[in-house]
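Tertiary structure, described
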Amino acid sequence: QVQLVESGGGLVQAGGSLRLSCAASGRTFSTYGMGWFRQAPGKEREVVATISGNGFMTYYTDSVKGRFTISRDNAKNTVYLQMNSLKPEDTAVYYCAADKSVVAHKGVNEYDYWGPGTQVTVSS
């Protein structure tokens, strides 16, 4: 069982930055692929970025490429999402998720554990 807790969300103006963190419980964090997802009101949950267990493989959805960076520190059981050049359309609840596969899939239904989410609001 893995428990995840996100932090770092908030209100920011367009063009600003935020850094999300996700702290995980357990001693096998490096064996999990990790992902950041988001869900805006009235929309389906979508993948934002994923990272493999060793941190060597990453994936970004097209809309955040060049602006967001996912990283992880396995010694601290933590995964991060650095978000720069934020846009109003980035406004959503952001969720951290753990995939039992070390690869880190892109599908929402392929993740096994989820955090409660953190709100990110970008004002224009």
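Residues numbered from 1 in each chain as written. Predicted model: local features only at pLDDT ≥ 70, side-chain atom pairs only at ≥ 80, totals over all residues. Heavy atoms only, no water.

Some points on the sheet that holds strand S7 (residues 68–73)
Spatial ordering of the open sheet is given by S1-S3-S8-S7, a layout of 4 strands whose pairing is antiparallel. With partners counted over all chains shown, the strands left at the sheet margins are strand S1 (4–7) and S7, one partner each. Between one strand axis and the next, the sheet turns through 15° on average, direction left out of account. Direction of pairing for strand S3 (residues 18–24) relative to strand S8 (residues 78–83): antiparallel, over a ladder of 6 bridges. Note that in S8 the partner of Ser 21 across the bridge is Tyr 80. (Pairing = 2+ DSSP bridges. Helix = DSSP H or I, 4+ residues; strand = E, 2+ residues; numbered from the N terminus. Axes fitted to C-alpha atoms, helices over the stretch in contact; angles between N-to-C directions.)

Structural notes on the pattern of salt bridges
The full count for this structure, using the stated rule, is 4 salt bridges. Put simply, Glu 46 and Arg 38 hold a salt bridge, and the shortest N to O gap is 2.8 Å. Ionic pairing is found between Arg 38 and Asp 90, a salt bridge with its closest N-O pair at 2.9 Å. Of the two residues, Arg 38 sits in strand S4 (residues 33–39) while Asp 90 sits in the loop between S8 and strand S9 (92–99), which places them 52 residues apart along the sequence. By the burial criterion, Arg 38 is buried, and Asp 90 matches it. (Salt bridge = Lys/Arg side-chain N within 4 Å of Asp/Glu carboxyl O. Buried < 20%, exposed > 50% of the residue type's maximum accessible area, 1.4 Å probe, protein only.)

Re the state of the cysteines
In total, this model carries 1 disulfide according to the counting rule given. With a sulfur-sulfur separation of 2.1 Å, Cys 22 is cross-linked through a disulfide to Cys 96. Between Cys 22 and Cys 96, the S-S dihedral sits near -75°, and the bridge is therefore left-handed. Placement of the pair is Cys 22 in strand S3 and Cys 96 in strand S9, with a sequence separation of 74 residues. (Disulfide = S-S within 2.5 Å.)

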